[in-house]
Amino acid sequence: MNNPNFDLLMFARGPLFDFALLVFVAGVLIRVVEILVLGRKKDFSKAKGKPVQQGIKTIFTRTLPRPGAIKANPITIVGGYVFHIGFFIAFLLFVPHIALIEELTGLSWPGVGRVIIESSTVLAVIAGLALLYTRWRDPVRRKLTTWVDYLVLVLSLLPLITGYVAVNKLFGDPTFMMALHILSVDILMIVFPFTKLMHAFTFAMARYYNGSIQGRKGAES
Amino acid sequence: MPSSPLLPKLMKAHGVSRRSFLKYCASLTSLMALPPAMAPRVAYALETAPRPSVIWLSFQECTGCTEAITRSSAPSLEELIFDAISLDYHHTLQAASGAAAEHAREAAMKEHWGKYLVIVDGSIPLDEPGYSAIAGISNLDMLKETAEGAAAIVSVGTCAAYGGLPQANPNPTGAGAVSDIIKDKPIINVPGCPPIPMVMTAVLAHYLTFGIPDLDELGRPKAFFAESIHDRCYRRPFYDKGLFAEGFDDEGARAGWCLYKLGCKGPTTKSVCATVKWNDGTSFPIEAGHGCLGCTEPDFWDNGGFYKPLSAPAGNYRRVGQAAVIAGVAAGAGGAYLARKGKADALANHETVDAFTLEKEEKES
Amino acid sequence: MNATCERGVNALREQIDAPVASFFSSCVSCGLCADACIFFQETQDPQYTPIRKVELLRRVWENEYTLFGRLKSMAGLGNKITDEDFTDAERLVYDSCTMCGRCSMVCPVGNDITLMIRKMREGMSAAGHAPVELIGAAKRHTKGNSPMGDLSKAIQAQVKHASAETGIEIEFDKPGVDYLVILSAQEIAEYPEVIGAMAKIFKKAGVTWTISLEAFEATNVGIQIGNRDVAKYLVTRVVEAAERLGVKKVISPECGHAYQAMRWEGPNLIGREYDFEVVHIIELLDQLRAEGKLKTSGKDSDKITFHDPCQINRRGGINKEPRRLLNMVAENFVETDDAGTMNWCCSAGGGVGANERAADLKNAAFQLKKRQFEKVAPDKIVTMCAFCHHTLENALEDNDMDIEVAGLTEMMAEYLVDED
């Protein structure tokens, strides 16, 4: 006799995770290599500022919004922060996740307790729903948004929701919910290289280029 | 075979007072998740129920289940429950052997046709029935034959319930569970490697008093298999606080922190180990410093390794990861070649523009 | 060869590099660039969201520079770019973008959208979709010596006039001097006072300089159209004149895009480093100030505010210099909201001013500037770009606002110490 929930969990942890890992790692590498090989032409203009330094600096400074921006786009900016920070706390500081990363990479670090993980998860989900709402309601974002953008946002929320449900045994068989949780992560990994989720890697390049272009001129970035 | 109640007599023989018998009934009642008011009824039923005939079949097993249920440091009430049944066949316990033993089984079956209870421990080889046989009868034949006249079957231990260790990869005997073979009889699964003795006897007590208990989708009595070990584990507060042992002899382990990272399967394992415990409520594996192996769940031998955290991937991820890097770099190089070629072609195809060729032809005319 | 759609697509192909690929890979469609855009701010029309304006470039990138895009095209899912696509983009790429660069400053993932507009214009112009007025200016500049046609006579007259007024001799094409001054057509035609102003300041500071009759025009309509061949042709004239005269530096005048063309794009257009350096006039004045060679006396008591030209401050890095200079001569200097790096465009940069089709958009955009000026209520607006100067002057008049506009160089010359 089999436990179908366990079988699903083992499928999600086993072959599907392997497949997802393959698609994720290979896909991200393809995308990154593809960008980098395009290169850029040597700039013959005499630099006034320090392009390389400013490029690196901009990777970090661009994390903060310009003054006044929050007032104009509160949901997008505050929601964006809460979603990202909440997502990464839940992802990187929950010990079972650290155990996963340790298994894959050998790297490990201390985690935090359930109160922090679960409040981060809840806040991230609320923020994600708010982002979904503003995408749907705000004319600018509505016009920019493709079905893939909606899909990606929903897929990013699923691991948070299923993880919360599984750990707290809100409903469903906990093993089944755990399987759904890992399944949702597998799916997220599979769609990752094909969608705007790639920004998680390429934002650093984009910010670097922006900073170095402006830095060469001695302009702010 | 006597069919009149024996228990009161036996209690007297073993020096068990009525007071401790009633206490036992109360704890059985609570264990079976029945309202406390039912305790007298349990006691009454146990005292008055006729002793059913029980045929215990042992197939591909290690005798651990039998050991667990019979081994007690002192005569216990669990043992008495055993005495409340008429164990007519158990090839480990009975004195008779060979053909004589089989005659006992056949006789019991004949006498109690349709009413006897079959308890099975061990799995049944299906690839080649000859892998395991008793007195020249294959396990498969014996199970089918014996089950035919049974009132119900109790699969004791994970091997009988789900296939267990014999079924673990690569399953050389094609081992199957009782429920894989018998489809037309009520089957109660009491998994565990071994099951908690108290749970085994409680299930028997329930069968004797109220019949077949409420079962979950895996055929387990809900009273004992509804909650996960993790939910009732005394180390759970450490999990919630994010405090985890990293090794079996580190600070965390000594301080009694959560064993999740050491591979504990408590979160996905349903059993009452953490509350009922073992050896008369002395301890249970996690309390002894070892993570739960998940032995009450199907395929627990193959569920990703005993010492691997539940959240860790269970597949061939290392080789897959390496393959992914190679594939990514190779495909990336291919894509890079195409992209660079595209750009080079575009630059080669560049037509120099001047102020007088900024317009389309139709605009010129 | 005349413009064709295929030539345009090819030009877009040529423009895609690692920065562009990283920008498109990173965009999460958050829409924050919209609020940075003066045209979106004043129209609230979502089509003016900056990242949408470079959609064609994104399509070329996806279809031709990504493996997945290529697979999609092979499966028949990629959509080919047509001439209609270019037509549809005209209003977005030319009419509703001054390449002011605000969007590039706010993008959370760091996309330089302005750079991509510049690249989009390469495709647009090669496909024959540049605004007719700009094409006309390019023709005039190619045939003559300025986008306004032949200004040889005008420049000679203006220089003669400045000489007479200041009593300083200004020699054309004088070899061996340190600096070559180039001017924007706007200055020659509308604000020639700057010539005399420079003459006075340079004389005091002991700066040797000349103007070349071969190449006195600083503006480069090729940059605004977004065509590197045209831009290269025009910038080469100045480079050749400067190298022939052997000057150490070329002074980029009070003109926004000319500064971009001369200092930042020029060397890349000709594919080598210059034999000379390029400085902006305001950078030079600030340097003279620091060296004690620029001294002023007295201050303007008017309430003065400063308008930052996008290409010189935000996209050019000259931010503190004009403020240091202005504080020397202005008693009552007040900043508008967002002044400095995040200043709003005058509403007509990047070729929008010359583009008749964009007149309504330009007027709409100016309303933002108008509100900012009304809040400060200055007597005078000082700037360091002749085209901003021109735009503000006209727009203020159209909006019945009685505020004087002045160039910073001119203003500095006005308060130059008299005694030797």
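So, a few notes on the structure that sits alongside this text. (Residues numbered from 1 in each chain as written. Chains lettered and ligands numbered in written order. Predicted model: local features only at pLDDT ≥ 70, side-chain atom pairs only at ≥ 80, totals over all residues. Heavy atoms only, no water.)

1. What about the interface of chain B and chain A?
Between chain B and chain A, the contact holds 56 residues from the first and 41 residues from the second. For the pairing of chain B and chain A, the buried interface totals around 3,800 Å² over both sides, and the portion due to carbon and sulfur atoms is 61%. The largest share of the area that chain B buries against chain A comes from Lys261, Thr268 and Asn303 of chain B, three residues that together contribute 12% of it. At the junction of chain B with chain A, the criterion picks out five salt bridges. In this structure, Glu103 of chain A engages Lys308 of chain B in a salt bridge whose closest nitrogen and oxygen atoms are separated by 3.9 Å. Applying the counting criterion to the chain B and chain A interface returns 15 residue pairs in polar contact (both at pLDDT 80 or more). Among the elements of the structure, helix 8 (157–162), helix 10 (178–181), helix 13 (229–232), helix 14 (236–241) and helix 17 (317–348) of chain B are those that each provide at least two residues to the side of chain B that touches chain A. Broken down by element, the side of chain B that touches chain A gets its largest block of residues, 18 residues, from helix 17 of chain B. Here the residues of the side of chain B that touches chain A are counted per class, giving 25 nonpolar, 15 polar and 16 charged. (Contact = heavy atoms within 4.5 Å. Buried area = accessible area lost by both parts, 1.4 Å probe. Salt bridge = Lys/Arg side-chain N within 4 Å of Asp/Glu carboxyl O. Polar contact = N/O pair within 3.5 Å; in protein donor to acceptor, adjacent residues only side chain to side chain. Helix = DSSP H or I, 4+ residues; strand = E, 2+ residues; numbered from the N terminus. Nonpolar A, V, L, I, M, F, W, Y, C, P; charged D, E, K, R; others polar.)

2. A short note on the sheet that holds strand 9 (residues 187–190) of chain B
Residues and elements named next belong to chain B. Across the sheet, which stays open at both edges, the five strands sit in the order 2-1-3-7-9 with parallel pairing between neighbours. Looking at strand neighbours, the two that pair on one side only are strand 2 (86–90) and strand 9, the edges of this open sheet. Taken over all neighbouring pairs, the strand axes of this sheet differ in orientation by 20° on average, direction set aside. As defined by bridge partners, strand 7 (residues 150–156) adjoins strand 9 across four bridges and the pair is classed as parallel. In the strand pairing of strand 9, Val156 is matched with Val190. The sheet strands contacting helix 11 (residues 197–210) are strand 3 (116–121), strand 7 and strand 9, and the helix crosses strand 9 at an angle near 160°. (Pairing = 2+ DSSP bridges. Axes fitted to C-alpha atoms, helices over the stretch in contact; angles between N-to-C directions.)

3. Let's talk about helix 6 (residues 98–111) of chain B
Residues and elements named next belong to chain B. Taking 1.5 Å of rise per residue, 14 residues should cover 20 Å, and helix 6 covers 20 Å from first to last C-alpha, within 8% of that figure. For helix 6, the set of buried residues is Ala101, Glu102, Arg105, Ala108 and Met109. For helix 6, the angular spread of the buried residues around the axis is 120°, confining them to a single face. Pointing more than 90 degrees away from the buried face of helix 6 are the exposed residues Ala99, His103 and Lys110. Those residues of helix 6 that are buried are in contact with strand 1 (53–58), strand 2, strand 3, strand 5 (133–134), strand 6 (137–138) and helix 7 (139–148). (Expected span 1.5 Å × (residues − 1). Buried < 20%, exposed > 50% of the residue type's maximum accessible area, 1.4 Å probe, protein only. Arc of directions from axis to C-beta.)

4. Considerations on the sheet that holds strand 2 (residues 209–211) of chain C
Residue and element names in this part refer to chain C. Taken together, the four strands give an open sheet; going across it, the order is 2-1-3-4, and neighbouring strands pair in parallel fashion. At either margin of the open sheet sits one strand with a lone partner, and together these are strand 2 and strand 4 (277–280). The average angle at which neighbouring strand axes cross in this sheet is 30°, direction not considered. Relative to strand 2, strand 1 (residues 179–181) is paired through three bridges, and the arrangement is parallel.

5. Some words on the interface of chain C and chain A
Residue-level contacts link 58 residues of chain C with 47 residues of chain A. Each partner contributes to the roughly 4,300 Å² buried at the junction of chain C and chain A, and carbon and sulfur atoms together form 59% of this total. Counting across the chain C and chain A interface gives three salt bridges. When the shortest N-O distance is used, the salt bridge between Glu321 of chain C and Lys48 of chain A registers 3.8 Å.

6. Thoughts on the packing of helix 6 of chain B against helix 7 of chain B
All names here are of chain B. Relative to each other, helix 6 and helix 7 sit at 30°, their axes nearing to 10 Å. Between helix 6 and helix 7, the angle is such that the two are roughly parallel. Note on packing geometry: the crossing formed by helix 6 with helix 7 is left-handed. Residues Glu102, Arg105 and Met109 of helix 6 form the contact with helix 7, whose participating residues are Met142, Glu145 and Thr146. Taken together, the residues of the contact of helix 6 with helix 7 sort by class into two nonpolar, one polar and three charged. (Parallel < 35°, antiparallel > 145°, perpendicular 65-115°, else oblique. Left-handed = near helix turned anticlockwise from the far one by under 90°.)

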